[in-house]
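In case you want the letters, here they are:
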Amino acid sequence: MSALATLARTIESGTPAHRDRAVDGLRALALLAVPTGHWLLGGFTLSGDGALHNASPLATFAGLAPVSWVLQMLGIFFLVGGYASVLSYRRRKGSAGDWLRGRLARLGRPVLGVTAVWAVLLPLLHYGAGVPLDTLRTASTLVIQPLWFVGVYTVVTALTPLCVRAARRLGVWAAAPLLGSVAVVDFLRYGPGADFVPSWLSLLNILPGWLFAYQLGVSWGEGRVTRVHARWLLLGGAVLFAALLLVFGYPASMVGVPGEARTNSHPPSLLVLALAAAQSGAAILLRDRIGRLLARPALWAPVVVVNLSAMTVLCWHQTAMLAAAVPGSYLGEVPGLVGAPDSAGWILARLAWMPVFAGLLALIGRYARGFESPWTRTGPAPRVLAGLLAAGFAVFALGLG
């Protein structure tokens, strides 16, 4: 028996019978969509001084926008996050506060780790290896880019007790006011009087926009979402999605496109919620089939491995791409790695680079996964130092310093 087969059997034998494999499978799928999307839709150009700058193939290939519909799976991530939080919240042994502190620590440690490490890397790369400052600013932006998700997820996790009460009272309809709130803000932003609306108003969509799918997940975990509800979510979300694109002129891409005045994801627009509703309905309807599929040890093992490394994948996948791109920039333009993403050849070359990025992420993850474990061997001084380093990196990455 091969080592991989042995590992699969070991994982299978250690899986409790009550484990919801479908939910874990959906979480792993949504998680892997994040690095896949960033690696596929994020490119680099090289300036005259040898510095790297962000670029996107979507600026040239608008026809790639449907790819972003498939890869934008944060709705699924928040859905299963809400579902899993309900189960964990029910099984808690201490107070709600103790439960929340434990959940937030699991989210915060990996973020603190990656930002502190990068705070140390910045001067080493610049003064020790001569990496241009603009390259480091580009790298810092990419590293911090996915971490906004952790901040939002932290807030919605803190709202779990309120979401549970809402689900028990209103069932699946507990998510409806969140959809309505985003619709109102979008109407003010893009409606007849949009010229008189302050730009900061869009920030009002951040919490309800991402809480929507989480609340659906909480209602699902409370047993208040039936298959009939799921069918309506799928149908209603798909119809709303099509109407927003074809009638109301929403941007087709689910991610920001350079040069475009409007974006769907930062903060989330009504189109994001329509997609999340359709995805959530489909996920709930397919739950049993996914569960049966993942009863196979060979398919279940990678799901377990991905879920055990969830925060490592989220926090370090951009670093993996940069580990190839920064050294590559010294060679000039490298197809699919460094150079304008404006040709079909670039797309094919980038696809060839994807396994390299994945391999680098696996290598980095062997060491970075330690940040996900409780820091039981460190005293207060190292934690304070890590916090200061992380804060310094954030200042640099956000262009505040």
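See the structure printed just above.
Residues numbered from 1 in each chain as written. Predicted model: local features only at pLDDT ≥ 70, side-chain atom pairs only at ≥ 80, totals over all residues. Heavy atoms only, no water.

Novice: Looking at this structure, how should I read the packing of aromatic side chains?
Specialist: Two measures describe an aromatic ring pair: the distance that separates the ring centres and the angle between the ring planes. In total, this model carries 17 aromatic pairs according to the counting rule given. Ring centres of Phe 77 and Phe 149 lie 5.1 Å apart, and the angle between their planes is 85 degrees; this geometry places the pair in the edge-to-face category. Here Phe 149 lies in helix 7 (residues 148–158) and Phe 77 lies in helix 4 (residues 74–91), a separation of 72 residues in the sequence. Comparing Phe 77 with Phe 149 shows no difference in burial state: the two are buried. Between Phe 78 and Tyr 153, the ring centres sit 5.6 Å apart and the planes meet at 45 degrees, which makes this aromatic pair tilted. With Phe 78 in helix 4 and Tyr 153 in helix 7, this residue pair connects regions lying 75 residues apart in the sequence. As far as burial versus exposure is concerned, Phe 78 and Tyr 153 are alike and both buried. Grouping aromatic residues by their ring pairs yields a cluster made of Phe 77, Phe 78, Trp 148, Phe 149, Tyr 153, Trp 210 and Tyr 214. Over the aromatic face of Tyr 89 sits the side chain of Arg 92, whose NZ or CZ is 4.0 Å from the ring centroid. The ring of Tyr 250 carries the charged tip of Arg 262 above its face, separated from the ring centre by 4.9 Å. (Phe/Tyr/Trp six-rings, centres within 6.5 Å; stacked < 30°, edge-to-face > 60°. Helix = DSSP H or I, 4+ residues; strand = E, 2+ residues; numbered from the N terminus. Buried < 20%, exposed > 50% of the residue type's maximum accessible area, 1.4 Å probe, protein only. Lys NZ or Arg CZ within 6 Å of the ring centre and 35° of its normal.)

Novice: Whenever I open this one, empty space enclosed by the protein confuses me. Can you help?
Specialist: Over the atoms rolls a probe the size of a water molecule, and its path tells where empty space is left. All chains considered together, the criterion is met by 2 cavities of 30 Å³ or more. Empty space within the largest cavity amounts to approximately 40 Å³. Lining the largest cavity are Gln 72, Leu 74, Gly 75, Trp 210, Val 272, Leu 275, Ala 276 and Gln 279. At the level of secondary structure, the elements contributing two or more residues to the lining of the largest cavity comprise helix 4 and helix 12 (270–293). The biggest single contributor to the lining of the largest cavity is helix 12, with 4 residues. When its residues are assigned to classes, the lining of the largest cavity shows 5 nonpolar, 3 polar and no charged. In this structure, the second largest cavity encloses a volume near 30 Å³. (1 Å grid on protein atoms, 1.4 Å probe; cavity = no way out; pocket = protein on both sides within 12 Å on 5 of 7 lines; lining within 4 Å. Points joined across faces, edges and corners; volume = space filled by probe spheres on them. Nonpolar A, V, L, I, M, F, W, Y, C, P; charged D, E, K, R; others polar.)

Novice: Could you clarify how one ought to interpret helix 15 (residues 344–368) in this entry?
Specialist: In an α-helix, one turn spans 3.6 residues; hence positions three or four apart end up facing the same way. Taking 1.5 Å as the rise per residue, helix 15 with 25 residues should run 36 Å; its terminal C-alpha atoms sit 35 Å apart, in good agreement. Along helix 15, the sharpest change in direction is near 30 degrees and occurs at Trp 353; proline Pro 355 comes one to four residues later. Regarding helix 15, the residues found buried are Trp 346, Ala 349, Arg 350, Met 354, Phe 357, Leu 361, Ile 364, Gly 365 and Ala 368. As for helix 15, its buried residues are in contact with helix 2 (21–41), strand 1 (43–46) and helix 14 (310–328). (Expected span 1.5 Å × (residues − 1). Bend = angle between axes of the 7 residues up to and from the residue. Contact = heavy atoms within 4.5 Å.)

Novice: Quick question: what am I supposed to make of the layout of surface pockets here?
Specialist: Reported here for the largest pocket is a volume of approximately 1100 Å³. Of all the secondary structure elements, the ones that give two or more residues to the lining of the largest pocket are helix 2, helix 4, helix 5 (96–129), helix 7, helix 13 (297–308) and helix 14. If one sorts the elements of the lining of the largest pocket by residue count, helix 4 sits on top with 9 residues. Here the residues of the lining of the largest pocket sort into 19 nonpolar, 8 polar and 10 charged. If you add up the space inside the second largest pocket, you get close to 810 Å³. For the lining of the second largest pocket, the secondary structure elements donating two or more residues are helix 2, strand 1, strand 2 (52–55), helix 3 (65–71), helix 6 (133–144), helix 7 and helix 14. In terms of residues, the lining of the second largest pocket owes the most to one element, helix 2, which gives 6 residues. Grouping the amino acids of the lining of the second largest pocket by side-chain chemistry returns 19 nonpolar, 14 polar and no charged.

Novice: Where do I start with the packing of helix 4 against helix 7 in this structure?
Specialist: For any two helices packed against each other, one specifies the crossing angle of their axes together with the interaxial distance. With their axes 12 Å apart at the nearest point, helix 4 and helix 7 run at an angle of 35 degrees to one another. In the packing of helix 4 onto helix 7, the handedness of the crossing is right-handed. Residues Leu 74, Phe 77, Phe 78 and Gly 81 of helix 4 pack against Trp 148, Phe 149, Val 152, Tyr 153 and Val 156 of helix 7. Across the contact of helix 4 with helix 7, the residue classes tally to 8 nonpolar, 1 polar and no charged. (Axes fitted to C-alpha atoms, helices over the stretch in contact; angles between N-to-C directions. Left-handed = near helix turned anticlockwise from the far one by under 90°.)

Novice: Explanation requested: the pattern of salt bridges in the structure shown.
Specialist: Two side chains carrying opposite charge are able to pair once their charged atoms lie near each other. Enumeration over the complete set of coordinates arrives at 7 salt bridges. The salt bridge partner of Arg 168 is Glu 222, with a shortest N-O separation of 3.0 Å. You can see Arg 168 sitting in helix 8 (residues 160–170) and its partner Glu 222 sitting in the loop between helix 10 (206–221) and helix 11 (227–246), a full 54 residues away along the chain. Given the relative accessible area of 17%, Glu 222 is considered buried. In this structure, the salt-bridge partner of Arg 189 is Asp 186, at a minimum N-O distance of 3.2 Å. Of this pair, Arg 189 and Asp 186 both sit in helix 9 (residues 176–190), 3 residues apart, roughly one helical turn. Through salt bridges that share partners, Arg 19, Asp 24 and Arg 27 make up one connected network. (Salt bridge = Lys/Arg side-chain N within 4 Å of Asp/Glu carboxyl O.)

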